[in-house]
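# A structural walkthrough
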Amino acid sequence: MDTLIAIGREAWHILVDSSVYMIFGLLVGGLVKVFVRPGFVAQHLGRGRFLSVFKAALLGVPLPLCSCGVMPAAASLRRQGANRGAVTSFLISTPESGVDSIAITYALMDPLMTVARPLAAVSTAFVAGALENLSEREGQAPIKPDLSCPVDGCCDGVDCPPEVHAAHHGFGQKVLAGARYAFGELWAELAGLFLLGVLLAGVITALLPAELLSSYLGGGLASMLIMLAVGIPLYICATSSTPIAAALILKGVSPGAALVFLLAGPATNVASLTMMTGLLGKRATAIYLAAIAVMSVLLGLALDAVYVWLAINPQAVMGQASEIMPQWLRLAGVAALLALSVKPLWLSLRSRLSGAGGRTCADDSCACHGHGHGAAKGLVGIEVHDHAAGGHGHKHN
């Protein structure tokens, strides 16, 4: 009983510290979906071996999609003419980062890790995408961007010119649409995974001896390789991996080893790698996996060197940003998150009990959660069904 109380106490502290930042990240993610036109994303990813890859890496950073949720969006971009390197880059930077995960990184870790995480994601994505384009021999198809309305699909962007469509939705309508998406579909996909991550972080903090972790994962190449082996097959999103990584650092794991986990875990898992093989082929998947493995280890070693050079004790600075928020605001954030979680968690439990094939998301959104297929509302405003086995897909306008 004492053990359960200790786990619950540690998990509660982590949830309190991260709640306000989580809400902020969700809201920004919803606004990104509404205010950044999907056609703008698509039209920059078709030409150039390097510039398109760099744009794809940057544009993927703020988008709150997990490694399986990003697959249908990437399939849509590929069918619209995005080159393989840009798609590869997008597939790495998007799940490795996101405004929600960046916000919670600042809350639970420190400013250095908050900056290092998206920079590492962009660097890894660029290297993988550039390598893919350099090895690509076939001609690149021109971009045919989707211009449909990201708010409610009221215009297709072809028969409805932008100046006409601008009068359809006011600023307030767009903000409300973004908030509905953030606290509805987006949180429905993240809620279970995030709360599970908080619980696992509580287990690590309460039970795992610091001496054991620091002796095996305290830094160096062996630590990076161990974390890489743990992270690659694991299904975990960027947001839910953050409290786990923070708990590991507090127990003596080096920041570099934690970064390897934060990069490899969200970007890879067995299901997403299977789908990627169908989408881009075996060669692209091999480049994708090799780039993540090599870059994660190198960047992890570099980050540890930076902490040593700046004489920063990572255990001493972890989670200090959360202290800026008053306690009443943090508790209000916890209450809001838990209230928003009731419906998606209930629907998830009901679907599992009824044997609904593993669909765990509310509002008909979908994350693959270890399955070999996914269906989600893509960035380009169409529903995409992407099947790993055949590498084919169907889209509905």
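Predicted model, so just to flag it, every value in this text is computed and none were measured.

## Overview of a nonpolar patch on the surface
Side chains of L221, L225, V294, L298 and L301 sit close together on the surface and give an oily, nonpolar patch of about 440 Å² of accessible area. Among the secondary structure elements, those contributing two or more residues to the nonpolar patch are helix 11 (221–231) and helix 15 (282–309). With three residues, the single largest contributor to the nonpolar patch is helix 15. Following the sequence through the fold, L225 ends up in helix 11. Since its relative accessible area comes to 44%, L225 is described here as partly exposed.

## Quick word on the packing of helix 3 (residues 51–60) against helix 5 (residues 84–96)
The contact between helix 3 and helix 5 brings their axes to 8 Å, and the two run at 25°. It follows from the interaxial angle that helix 3 and helix 5 lie roughly parallel. Crossing geometry of helix 3 relative to helix 5 is assigned as right-handed. On the side of helix 3, the interface is formed by S52, V53, A56, A57 and G60, while helix 5 contributes G85, A86, S89, F90, S93 and T94. Of the residues belonging to the contact of helix 3 with helix 5, the class tally is five nonpolar, six polar and no charged.

## As for the environment of A229
Relative to the assigned elements, A229 resides in helix 11. Residues A229 and A293 lie 64 residues apart in sequence; the distance between their C-alpha atoms is 9.3 Å.

## Some points on the layout of surface pockets
Empty space among the atoms becomes visible once a probe the size of a water molecule is rolled across them. By volume, the second largest pocket is sized at about 310 Å³. Forming the walls of the second largest pocket are 17 residues, and the residues nearest its centre are L200, V230, L234, I244 and F261. Of all the elements, helix 9 (residues 171–207) adds the most residues to the lining of the second largest pocket, at six residues. Looking at the lining of the second largest pocket residue by residue, the classes come out as 15 nonpolar, two polar and no charged.

## Brief notes about helix 13 (residues 255–267)
Spanning 13 residues, helix 13 covers 18 Å between terminal C-alpha atoms, matching the ideal 18 Å at 1.5 Å per step. Across the 13 residues of helix 13, 13 count as buried, placing the element largely inside the fold.

## Quick notes on the pattern of salt bridges
According to the stated counting rule, one finds one salt bridge in the structure shown. One salt bridge connects R283 with E132, and the closest N-O pair in it is separated by 3.3 Å. Of this pair, R283 sits in helix 15 while E132 sits in helix 7 (residues 111–135), placing them 151 residues apart in sequence. The exposure class of R283 is partly exposed, given its relative accessible area of 43%. Take E132: its relative accessible area is 0%, and that puts it in the buried class.

The rules we used
Residues numbered from 1 in each chain as written. Predicted model: local features only at pLDDT ≥ 70, side-chain atom pairs only at ≥ 80, totals over all residues. Heavy atoms only, no water. Patch = residues over 30% accessible without salt bridge, like charges linked within 9 Å, V, L, I, M, F, W, Y side chains within 5 Å. Areas by Shrake-Rupley, 256 points an atom, 1.4 Å probe, with all protein chains shown as cover. Salt bridge = Lys/Arg side-chain N within 4 Å of Asp/Glu carboxyl O. Helix = DSSP H or I, 4+ residues; strand = E, 2+ residues; numbered from the N terminus. Buried < 20%, exposed > 50% of the residue type's maximum accessible area, 1.4 Å probe, protein only. Axes fitted to C-alpha atoms, helices over the stretch in contact; angles between N-to-C directions. Parallel < 35°, antiparallel > 145°, perpendicular 65-115°, else oblique. Left-handed = near helix turned anticlockwise from the far one by under 90°. Contact = heavy atoms within 4.5 Å. Nonpolar A, V, L, I, M, F, W, Y, C, P; charged D, E, K, R; others polar. 1 Å grid on protein atoms, 1.4 Å probe; cavity = no way out; pocket = protein on both sides within 12 Å on 5 of 7 lines; lining within 4 Å. Points joined across faces, edges and corners; volume = space filled by probe spheres on them. Expected span 1.5 Å × (residues − 1).

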